[in-house]
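# Secondary and tertiary structure notes
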Amino acid sequence: MSFRSFFASIFKDIDPDEDGVKRITVNEFKKKETEFCVDAYALFTVIDFVASLMSNIELQTYYNKQLKHDKEWHRLNIKPNINQNAKDFWKEFWCKLLYYQEALIVPAGDQLIIADEFTHHPEYAVREDIFESVSRGDFTFSRTFKASEVFYLRYSTVDISNTLTSVMNLYGSLVSHAQEVYASSGGERGVLNVNSAATGPEEFEKKYGEWINKRFKSYFNANNAVMPLFKGMTYTGTHESIDSESSNNINNMLEAAIGRVANAYKVPPAVLKGEVAGVSDAFNVFLTGCVDPLASMLACELTAKEFDQKSASAGCRIKAFTNNIKHTDIFDVATNFDKLFADGFSHNELCRLLDMPEVDEPWANKHYITKNYADATITTQEGGENE
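This one's a predicted model, so the numbers in the text were calculated from it and none came from an experiment. (Residues numbered from 1 in each chain as written. Predicted model: local features only at pLDDT ≥ 70, side-chain atom pairs only at ≥ 80, totals over all residues. Heavy atoms only, no water.)

This part is about the pairing of strand 4 (residues 111-114). One ladder, built from 4 bridges, connects strand 3 (residues 102-108) with strand 4; its direction is antiparallel. Bridging across to strand 4, Ile105 finds its partner in Ile114. Joining the antiparallel neighbours strand 3 and strand 4 is a turn of 2 residues, in which Gly109 adopts a positive phi near 70°. (Pairing = 2+ DSSP bridges. Helix = DSSP H or I, 4+ residues; strand = E, 2+ residues; numbered from the N terminus.)

Here it is, written out as structure tokens:
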């Protein structure tokens, strides 16, 4: 949808004047302003919610199928650059990706820098993409970056940023267009009825009108003033009253806007509202529909850029560990974890799942299995002999 079409659709209910120009009143402007603010608030609320949770993901580095807390793990999970810790870094990254539909991370020595602005050249079929004019704050990199040197993600499931841009552009145009409306609404207008007995020759009426305008102007511009009216004069104000939205109406608008944006980002509204009933199931839907695809997309990009084919085939990869997103009460999962321990999970593996400190003892890394389990082929053979 073009900006002109979007603008027209917003104001389709406003009839044009005789000259064909659509003009809005103060009340109409206040209504549209409320709608824009509500939509923007809803969008930023959802983005901040998702980005805050996504920043809790641990990016685990595996070499030859073994988890290692090496220098790369430290850079991804502790301190990506000199000015940001990992929490702030990844929250900013996810906010940019969800809002702008793309995000770029470039290397600067051993540091990772999130780009504020960059130029992405058209995609090539058989050659690497190029990123130029990459900037962060007031600093602009003088070099160009190849696609193999950067981490670049697109999130094109929902083109919501274009809608927001249209709304914000419309809002800016609306503010400019409505400045005069606001100015006039803050002033005073009225009709002065003058009895025919107070009128006179044309020259008298002209001077009398100038005198009246001067007196009323001083009256309107003053904070506190009294305006005397002579016999035969009656003043009636025509100041337009501004309707105020009820709190219930605002809440309904906000709830509907958040619901629309949440659905666009695959976030169940119940999770945002903090509803108790069914929140566990809703959160699982959120993890499956929103978190897991984003986490997988990041892990795939990091693995593809960090490891070549030989290393990846040998078990070198970066995995996004999302269990940290959801709070886990150890007493709620005690029975299930006992089952996992009996099925071969070590003590420290379970500690990592709970985000608890590991035990620096040899026994904590051993694997145990209950004797209730046996080889399926042996069980089948024994059953045949019994028959």
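Now, onward.
Quick look at the pairing of strand 3 now. Here strand 3 pairs with strand 9 (residues 151-154) via 4 bridges, running antiparallel. Residue pairing for strand 9: Ile105 is matched across the bridge by Phe151.

What follows deals with the sheet that holds strand 2 (residues 66-68). The 3 strands are arranged 2-1-12 in an open sheet whose pairing can be described as antiparallel. Two strands bound the open sheet, and with one partner strand each, they are strand 2 and strand 12 (317-321). Going across the sheet, the axis of each strand differs from the next one's by a mean of 45°, ignoring polarity. As judged from the 5 bridges shared by strand 1 (residues 58-63) and strand 12, these two strands associate in the antiparallel manner. The residue bridging Gln60 from the neighbouring strand is Lys319, located in strand 12. (Axes fitted to C-alpha atoms, helices over the stretch in contact; angles between N-to-C directions.)

The antiparallel open sheet is built from 3 strands, whose spatial order is 4-3-9. Both outer strands of the open sheet, strand 4 and strand 9, are each paired with one neighbouring strand and no more. The mean angle between the axes of side-by-side strands here comes to 15°, regardless of whether they run parallel or antiparallel. Of the strands in this sheet, strand 3, strand 4 and strand 9 are in contact with helix 4 (residues 86-100), which crosses strand 3 at around 140°. (Contact = heavy atoms within 4.5 Å.)

Once that is clear, we can look at the environment of Val279. Summarising the element assignment, Val279 is placed in helix 9 (residues 279-306). Each C-alpha atom of the pair Val279 and Pro269 lies 9.8 Å from the other, and the pair is 10 residues apart in sequence.

The biggest cluster of nonpolar side chains holds 49 residues, and the ones touching the most others in it are Trp90, Phe93 and Phe286. Only helix 2 (26-54), helix 4, strand 3, strand 4, strand 9, helix 7 (247-264), helix 8 (269-273) and helix 9 provide two or more residues apiece to this core. In terms of residues, this core owes the most to one element, helix 9, which gives 10 residues. Residues in contact with Trp90, not counting those within four places in the same chain, are Ser55, Leu59, Leu76, Ile105 and Leu298. Counting residues in hydrophobic clusters, the runner-up holds 12 residues, among them Ile113, Ala115, Phe118 and Ala147. (Core = buried A, V, L, I, M, F, W, Y, C linked by side-chain atoms within 4.5 Å. Buried < 20%, exposed > 50% of the residue type's maximum accessible area, 1.4 Å probe, protein only.)

On average, the chain scores 76 in pLDDT, and the residues at 70 or more come to 62%. Between the elements of the chain, mean pLDDT differs from a low of 43, seen in helix 1 (residues 3-10), to a high of 96, seen in strand 4. In the predicted structure, residues 1-13 sits below a pLDDT of 50 and forms 20 contacts with residues beyond four places in sequence or in another chain. (pLDDT = per-residue confidence, 0-100.)

Before going further, it helps to examine the environment of Ser313. Its place among the elements puts Ser313 in helix 10 (residues 309-313). The exposure class assigned to Ser313 is exposed, which follows from its relative accessible area of 60%. Taking the C-alpha atoms as reference, Ser313 lies 9.8 Å from Lys65; in sequence the two are 248 residues apart. A polar contact of 2.9 Å, which involves the side chain of Ser313, links it to the backbone oxygen of Gln309. (Polar contact = N/O pair within 3.5 Å; in protein donor to acceptor, adjacent residues only side chain to side chain.)

With that out of the way, let us pick up the side chain of Thr303. Relative to the helices and strands, Thr303 resides in helix 9. Given a relative accessible area of 12%, Thr303 falls into the buried group. At 3.0 Å, the side chain of Thr303 forms a polar contact with the backbone nitrogen of Ile318. Excluding anything up to four places from it in sequence, Thr303 contacts Cys316, Arg317 and Ile318.

One non-glycine residue, Asn64, lies in positive phi territory at about 55°. Within the secondary structure, Asn64 is located in the loop between strand 1 and strand 2. Phi at Gln101 is positive, roughly 70°, even though this residue is not glycine. For Gln101, the position within the fold is in the loop between helix 4 and strand 3.

Bringing the packing of aromatic side chains into the picture now. As enumerated under the stated definition, the model contains 14 aromatic pairs in all. For the pair Phe139 and Phe141, a centre-to-centre distance of 5.0 Å together with 80° between the ring planes defines the contact as edge-to-face. With centroids separated by 5.4 Å and ring planes inclined at 80°, the aromatic side chains of Phe141 and Phe145 adopt a geometry described as edge-to-face. The exposure class of Phe141 is buried, given its relative accessible area of 14%. Taken together through their ring pairs, the aromatic side chains of Phe89, Trp90, Phe93 and Trp94 make up a single cluster. Taking the ring centre of Tyr62 as reference, the NZ or CZ of Lys319 above it sits at 4.7 Å. (Phe/Tyr/Trp six-rings, centres within 6.5 Å; stacked < 30°, edge-to-face > 60°. Lys NZ or Arg CZ within 6 Å of the ring centre and 35° of its normal.)

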